[in-house]
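Reading the structure
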Amino acid sequence: MAPHLTTYSFPTVHISCPCDESIAITPKSPTKPGAPAAPEEDLDESEEEEEEEETFDPRAPRSNFSLFPLDNLLYCEDCKQIRCPRCVHDEIVCFFCPNCLFEVASSTVKTDGNRCTRNCFSCPICFASLVVAPTGEGQAGPYILLCNHCLWSSAEIGIEFEKPTSITTQLAEKLKPPALARATTVSFTSPLSPVSASSESYFPSMGAPTIITPDDEEDKKELSPEERFLRLKAHYAQQRAGAGTDEYGSSPGALSRLMGLYSGLGSGSRSRSFGRGIGGFSNVGGKGKLEWTEWDTVKEIRDDEEELIERIKEVGFLGTTNKEQRIAQNHQPRFIRDLRPLAALLRTKRSKRCRACRHILVKPESKPTNIRFRIKLVAMNYIPALSISRLDPTAFNYIALTPLSTHQFLLTITNPLFDPINVTLATPAKTPGRYPSTVTILCPTFEVGANTEVWEEALQTIANQPAATIKKGRKTGMLIGTVWDLGRNWTTVVIEVVPPLLPLPGELGEDGNELATEDDRLVQIPVSVRVVYETDLERDDGGLGKEAKEKREHTYWSVLGLGRISEKMPTKTVEDAAGSSAARPMSLVSVAGKGVVGRGGAGEEASGGRVNRHSVR
Amino acid sequence: MPPKPRTSEAVTKPPTILASSIVIAETAALTGTFPIKIGANTVIHPRAKLTSAHGPITIGEYCIICERTQISPPDAEGLVIGDGTVVEVNALVEGSVGAGSVVEVGNCKLGPLTKVLEGEVIEDNTVIFGSGQRRIDASGTMDARRRLLERHIESLRILIPSNPSKFMN
């Protein structure tokens, strides 16, 4: 089997968030939240539907962005709507260092950057966290930063510390390039205008984009980020002083220079060196235009960098950095020797808000050491969970479903609510796509018990046990309109799927494209789940009114990924199996003709054609 | 049917030369016919496997052999693990390892290079980490690391109940 097939994990259940329609500012009525993603042209048979819903197409390009596993979803109680990561709003509660769990104030993050300023560093080689280790006798210094995983230590780049505390300041002191120390005393020459003469002479006209040409000497020498920052800072301080009291610089030169800063990025007259220095830009377009490039592009060696080549010869391949190591560093070093310990990146705790009604859905405790949540409205507590398994417990191969033979799956619906729910499942008889599979849900309408406490059931008297009266397909065999099995807060029904026969991989159509792509081989079944339940009405004073009941309804589309169709042609045994069950598809014709199975159609189906369609035991 | 009696080869104790200050767990497995020599202050974790069926094993001083490691020399030339070597969980060592090295394998089976293959000689101060990545430590902090290792061994000495008499013969 091809190796990439192992990456599949079946079965999958994804739930569609309706937010791809639009983020409604006013919450939509909870009765009709169905999310048609792409119109289905062959859906002309929905006569039993007064609410004209279209089938959700899991293969539509937009569906990719609206399908989520249930555990990724939140639920807004006010909108009565699922909320996915796309339709919530993140707010940062606090910043903290993941290494020392120290909370950092947001003002400090603004001034000092988003890295830990205490003793937390990670290894530039393997990104594990570094420890401060003494190198002298006993516990005496000098101290080094040591990686316990790959044994990299700061001694490798020649850095040792006198004391084991405030490593960040010591490190900054040691890493300060000698040029910088010199530069602080000497007056700055701006990188923008190397000769800081009267700026007007550089900007003869206000309107035209300005050509800024640093002299070539400056261009060749790569400045460290710190140096560049200090130079820029001093340059602007100088400019402001020159502008006098007017903060925005009313002098034409200052203004045009500012304009040039922005317009120059797009104009062809930009100097090369400035863009290269910034790091995000590079001048690879050839037309003199600056283009955004990725950080991890190949770092070329230009002709004038022969000493680099010499150095590579010297240290060998092992002495150079790999891509991850390079892009993690500020100065993008080429050699292992130029790596610096990385200060630990801060992390955030976030609260989430509904975008429609601005109510808070998730709010963690603000202390980094506390992992509890104050508010946590996860969809799992509001929406019935679906799970899929094969009916035949010995058939666990989901990645090679035999074409044209009937596969039976068990769909279990688990109710998280404290009230019993009525569930109606609906699915198109043929799944959307070029090669549709035939789907039948044997029992589309059923009840799922309330999520009561486990002991409550035991305390109930035997007299009022409604569950005993419901026929279980597990015992009686598979009947239409009969659930397979049920328990306290879950019910299992059977789904039958007949995958289509696909052209072999590599078979090309007339237009030269492959007839059946890998995507066509996946059996994805859209199922609309409609949940109706009655709950105690919540009164304005917050209490629950015992007599007032409120009927609630919730509908959502979910997509069941049942498996992958095998490339193998159906073998003889399978044909036999299909032949023995030849009568079954006949009985399904009436159902299939309706297009959408299960919307009311199953009632008469159950009464009219109560045939023992397939007895398993 | 009664279970087959074990072959006598599996239960033969290899001739061992154990220093008095070693820590060796009772559940460590020392098998084979060639001699196994373990230097002073070395720690053998539970369920480490040292198989000298094809050649002698020599382990230096201040080594840590973690659980589920397999050390098996491929031929009669044997295998030498130098002083101060740490062989971490689930590593497979079939070649000689120089002093002060760390053989560290989290997921030995996955990365083909995480094994020290037959006859391979790992130089001093080599680190094998991650999925088979190797580097030679050039920081010159051997003394500091040796002290850390000695402290590590001291703490293991308390944690691992030692039973060298089981492996004496």
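Residues numbered from 1 in each chain as written. Chains lettered and ligands numbered in written order. Predicted model: local features only at pLDDT ≥ 70, side-chain atom pairs only at ≥ 80, totals over all residues.

Re the overall build of chain A
Helices and strands together make up the secondary structure of chain A, namely 14 helices and 25 strands. Out of the 617 residues in chain A, the part that is buried amounts to 28%. When contacts within chain A are restricted to residue pairs at least 6 apart in sequence, those whose partners lie at least 24 apart make up 65%. (Helix = DSSP H or I, 4+ residues; strand = E, 2+ residues; numbered from the N terminus. Buried ≥ 20, exposed ≤ 12 C-beta atoms within 10 Å, placed from the backbone. Contact = placed C-beta atoms within 7 Å.)

Quick look at the overall build of chain B
From N to C terminus, chain B includes two helices and 17 strands. Buried residues in chain B amount to 38% of all 169 residues. Put simply, 25% of the contacts in chain B that link residues at least 6 apart link residues at least 24 apart.

Let's talk about the pairing of strand 5 (residues 88-96) of chain A
Residue and element names in this part refer to chain A. Sheet analysis places strand 5 next to strand 13 (residues 347-354), joined by eight bridges and oriented antiparallel. When the bridges of strand 13 are listed, Cys94 appears paired with Lys349. Sheet analysis places strand 5 next to strand 6 (residues 103-104), joined by two bridges and oriented antiparallel. By the bridge assignment for strand 6, Phe95 is matched with Val104. Between strand 5 and the antiparallel strand that follows it, strand 6, lie six residues; Leu101 among them carries a positive phi value of about 55 degrees. (Pairing = 2+ DSSP bridges.)

Re the nonpolar core
With 59 residues, the main nonpolar core has Ile82(A), Val423(A), Val493(A) and Ile495(A) as its most contacted residues. Of all the elements, strand 23 (residues 522-538) of chain A adds the most residues to this core, at seven residues. Every residue in contact with Ile82(A), bar those within four places of it in the chain, is listed here: Ile15(A), Cys17(A), Pro18(A), Leu73(A), Tyr75(A), Ala379(A), Ile383(A) and Tyr556(A). Within the second largest apolar cluster, 30 residues are counted, among which are Ile24(B), Cys66(B), Ala91(B) and Phe167(B). (Core = buried A, V, L, I, M, F, W, Y, C linked by C-beta atoms within 7 Å.)

Section: the sheet that holds strand 15 (residues 373-376) of chain A
All names here are of chain A. Reading across the sheet, the five strands line up as 6-5-13-14-15 and stay open at both edges, with antiparallel pairing between neighbours. With partners counted over all chains shown, the strands left at the sheet margins are strand 6 and strand 15, one partner each. Sheet analysis places strand 14 (residues 360-364) next to strand 15, joined by three bridges and oriented antiparallel. Residue Lys363 lies in a different strand from strand 15, and its bridge partner there is Ile375.

As for unusual backbone geometry
Residues and elements named next belong to chain A. In this structure, Lys80 takes a positive phi of about 50 degrees despite not being glycine. Checked against the element boundaries, Lys80 lands in the loop between strand 3 (74-76) and strand 4 (81-83). When the 17 C-beta atoms within 10 Å are taken as the criterion, Lys80 is described as partly exposed.

Details of the confidence of the model for chain B
Residues and elements named next belong to chain B. Per-residue confidence for chain B gives a mean pLDDT of 75; residues scoring 70 or more make up 67%. Taken as a whole, residues 104-114 scores under 50 in pLDDT and shows 22 contacts with residues more than four places along the chain or in a different chain. Here the predicted complex scores 0.63 on pTM and 0.73 on ipTM. (pLDDT = per-residue confidence, 0-100.)

Re the confidence of the model for chain A
Residues shown with low pLDDT carry predicted positions that ought not to be read at fine detail. All names here are of chain A. For chain A, per-residue confidence averages 71 on the pLDDT scale, and residues scoring 70 or more make up 61% of the total. In the predicted structure, residues 1-6 sits below a pLDDT of 50 and forms one contact with residues beyond four places in sequence or in another chain. In this model residues 572-617 is a low-confidence stretch, pLDDT under 50, and it forms 68 contacts with partners more than four residues away in sequence or in other chains.

Remarks on the sheet that holds strand 9 (residues 70-71) of chain B
Residue and element names in this part refer to chain B. Taken in spatial order, the four strands make up an open sheet running 3-6-9-12, and their pairing is parallel. Sheet topology places strand 3 (29-32) and strand 12 (92-93) at the edges, where each strand pairs with a single neighbour. Direction of pairing for strand 9 relative to strand 12: parallel, over a ladder of two bridges. By the bridge assignment for strand 12, Gln70 is matched with Leu92.

Focus: the pairing of strand 14 of chain A
With two bridges connecting them, strand 13 of chain A and strand 14 of chain A associate as antiparallel partners. Bridging across to strand 14 of chain A, Arg353(A) finds its partner in Ile360(A).

Here we look at helix 8 (residues 306-315) of chain A
The element helix 8 of chain A is barely covered by neighbouring structure, given that only zero of its 10 residues are classed as buried. Gly316(A), located one to two residues past helix 8 of chain A, shows a positive phi value of around 80 degrees.

Focus: the environment of Arg83(A)
All names here are of chain A. Checked against the element boundaries, Arg83 lands in strand 4. As a C-alpha pair, Arg83 and Leu73 span 10 residues in sequence and 5.8 Å in three-dimensional space. When sequence neighbours within four positions are dropped, the list of residues in contact with Arg83 reads Leu73, Leu74, Tyr75, Cys76, Val88, Cys354 and Leu361.

Observations concerning the environment of Pro420(A)
By the element assignment, Pro420(A) lies in the loop between strand 17 (407-414) and strand 18 (421-428). Those residues in contact with Pro420(A) that lie beyond four places of it in its chain are Glu447(A), Val448(A), Gly449(A), Ala450(A) and Tyr533(A).

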